[in-house]
Amino acid sequence: MHPSKRQKAKLPVNRILVSGASGLIGGALLPALERGSMEPVRLVRGPARGPGEISWNPSAEPPGAGLASSAVAGFDAAIHLAGESVVGRWTAAKKNAIRDSRVLGTRTLATALAHADPKPKVLVCASAIGFYGDRGDEVLTEESASGRGFLPEVCREWEEASRIAAAAGIRTVNLRIGLVLSASGGALGKMLMPFKLGLGGRMGSGGQWWSWVHINDIVGGIEQALHTESLAGPVNMVAPNPLRNAEFTRTLASVLGRPAIFPVPRFALALAFGKLAADELFLSSQQVKPAKLQMSGYRFQFGELRAALESLV
Ligand SMILES: NC(=O)c1ccc[n+]([C@@H]2O[C@H](COP(=O)([O-])OP(=O)(O)OC[C@H]3O[C@@H](n4cnc5c(N)ncnc54)[C@H](OP(=O)(O)O)[C@@H]3O)[C@@H](O)[C@H]2O)c1
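Think of each chain on its own: its residues are numbered from 1, step by step along the sequence as written. In view of the model being predicted, local features appear only for residues whose pLDDT reaches at least 70, and side-chain atom pairs are presented and counted only at 80 or more, with totals across whole chains, interfaces and linings using the full set of residues. Side-chain descriptors were evaluated using all non-hydrogen atoms of the structure, hydrogens and water having been removed beforehand.

> What's the story with the overall build of the protein in this structure? I'm lost.
When you go through the protein residue by residue, the secondary structure sums to 11 helices and 13 strands. C-alpha atoms define the radius of gyration in this analysis, and the globule rule sets the expected value at 2.2 Å times the number of residues to the power 0.38. At 19 Å, the protein has a C-alpha radius of gyration in line with the 20 Å of a compact globule built from 313 residues. For the protein, the spread of C-alpha atoms along the three principal axes comes to 60 × 45 × 35 Å. Burial classes: relative accessible area under 20% of the type maximum marks a residue as buried, over 50% as exposed, and values in between as partly exposed (1.4 Å probe, protein chains only). Counting all 313 residues of the protein, 52% fall into the buried class. For this analysis, residues touch if any pair of their heavy atoms sits within 4.5 Å. Of the contacts made within the protein by residues no fewer than 6 positions apart, 79% connect residues no fewer than 24 positions apart. Strands are runs of DSSP state E lasting at least 2 residues, helices are runs of H or I lasting at least 4, and numbering of each runs from the N terminus.

> Mind showing me how you'd approach the sheet that holds strand 4 (residues 77-80) here?
Strands pair in a sheet through their backbones, by hydrogen bonds, and they do so in one of two ways: parallel or antiparallel. Only strands that DSSP links by at least two bridges are regarded as paired with each other. The parallel open sheet is built from seven strands, whose spatial order is 3-2-1-4-5-7-11. The two strands at the open ends of the sheet, each matched to only one other strand, are strand 3 (53-55) and strand 11 (233-237). Across the sheet, the axes of successive neighbouring strands diverge by a mean angle of 25°, strand direction being ignored. Relative to strand 7 (residues 171-177), strand 5 (residues 122-128) is paired through seven bridges, and the arrangement is parallel. The axes used here are C-alpha line fits, helices contributing only the stretch in contact, and every angle between their N-to-C directions lies in the interval 0 to 180 degrees.

> Help me understand the packing of helix 8 (residues 266-273) against helix 9 (residues 275-283) in this model?
Between helix 8 and helix 9, the shortest axis-to-axis distance is 7 Å and the interhelical angle comes to 115°. Considering how the two elements wind past one another, helix 8 and helix 9 form a crossing that is right-handed. Across the interface between the two elements, Arg 266, Leu 269, Ala 270 and Phe 273 of helix 8 pack against Lys 275, Ala 277, Ala 278, Asp 279, Phe 282 and Leu 283 of helix 9. Note on residue classes: Ala, Val, Leu, Ile, Met, Phe, Trp, Tyr, Cys and Pro are nonpolar, Asp, Glu, Lys and Arg are charged, and everything else, Gly too, is polar. Partitioning the contact of helix 8 with helix 9 into residue classes produces seven nonpolar, no polar and three charged. Left-handed describes a crossing whose near helix is turned anticlockwise from the far helix through less than a right angle; right-handed describes the clockwise counterpart.

> How should the confidence of the model for the protein be read in this particular structure?
Do not read the fine detail of predicted coordinates wherever pLDDT is low. Confidence of the predictor in every single residue is expressed as pLDDT, which spans 0 to 100. Residue-level pLDDT values for the protein average 94, and 96% of them are 70 or greater. Across residues 1-8 the pLDDT falls below 50, and counting only partners more than four positions away or on other chains, this stretch makes 13 contacts in the model.

> Teacher, can you tell me more about the site of the ligand here?
Residues are labelled near a given molecule or strand when at least one of their non-hydrogen atoms is within 4 Å of it. With respect to spatial proximity, 21 residues lie near the ligand, and among them Ser 22, Leu 24, Ile 25, Arg 45 and Arg 102 are the closest. Contacts to the ligand include Ser 22, whose side-chain N or O atom sits 2.8 Å from an oxygen atom. Using the Shrake-Rupley algorithm and a 1.4 Å probe, accessible areas are obtained, with residue cover drawn only from the displayed protein chains. Taken by itself the ligand offers 890 Å² of open surface, and the protein chains cover 78% of this. Only helix 2 (24-35), helix 3 (92-115) and strand 5 provide two or more residues apiece to the shell around the ligand. If one sorts the elements of the shell around the ligand by residue count, strand 5 sits on top with three residues. In protein, a polar contact requires one atom able to donate a hydrogen and another able to accept it; more generally it is a pair of N or O atoms within 3.5 Å, and residues adjacent in sequence count only if both atoms are side-chain atoms.

If you want it as structure tokens, here you go:
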């Protein structure tokens, strides 16, 4: 079938449950959903402050104890973005929090949705291109196997946890998200200061592939996943043109009108973030293609890095 024909099958989605709504992606997504006349309800970790919020405990055990199925009945869709930030030193406690917040949180939500009556038609669950690990120059699609390391392990367990919903007949999409570029923070926010001061440069050898995505396309991609029946399982959420880190950082410096002459060596990244986090977050190489999203007919607003950065900085 021609991709444009697939795109026409827009499914009705009105009431949407969203976890992690206060985060970088949620902050852009919720206003967009509201503009589209949808009614997002936030899943919050503290007490609910009104009818627009439902309280949950993502890490309660056994799964299901942290969220009653009756509380999540009657939604058309759920979008699951919650998880401890991966940025910071990966101490044993931080690694546990990164893993548990995702795996237990997904189990809790998926279990509640699976038993809800009526249950939603679709669950869009965040995952990450960290699933693939460090893969050199290999071109990675949703068909590619997972890699080795902490993040690939977490992503496998995270996606596995969402199968509780899939097994109950809820169409479940695991969005393998790349490096999100946003004016509101995230990785770009952290990189801007040194680059603005002319102190930026490639990280490590600079030969590693960075698969980035503009925040507008995350919002667009999530909406595509909500409305497109043919999308299920892993879906890469990255722009179609990944770049090597050296070219990425050169482009960022050029957009800011600054030089990019100060390479950031591995030991400096390891000092700032710890060796493991530096290797898996900044130095690992992932050349990822959004094969399923493009097949579904999605058209990226930002396919080229320069235009994406110019729109943000
Ligand atoms: N941004 C990226 O570049 C990127 C790349 C790949 C994958 N992802 C994934 O996409 C999802 C959303 O990303 P994001 O950038 O919007 O994340 P974010 O800004 O770090 O926000 C995540 C949200 O999760 C909730 N949260 C924080 N700590 C938690 C914990 N310990 N347990 C349970 N919930 C917790 C918070 O929402 P509440 O306070 O409202 O509960 C927080 O606002 C995350 O799972 C992330 O791993 C993001």
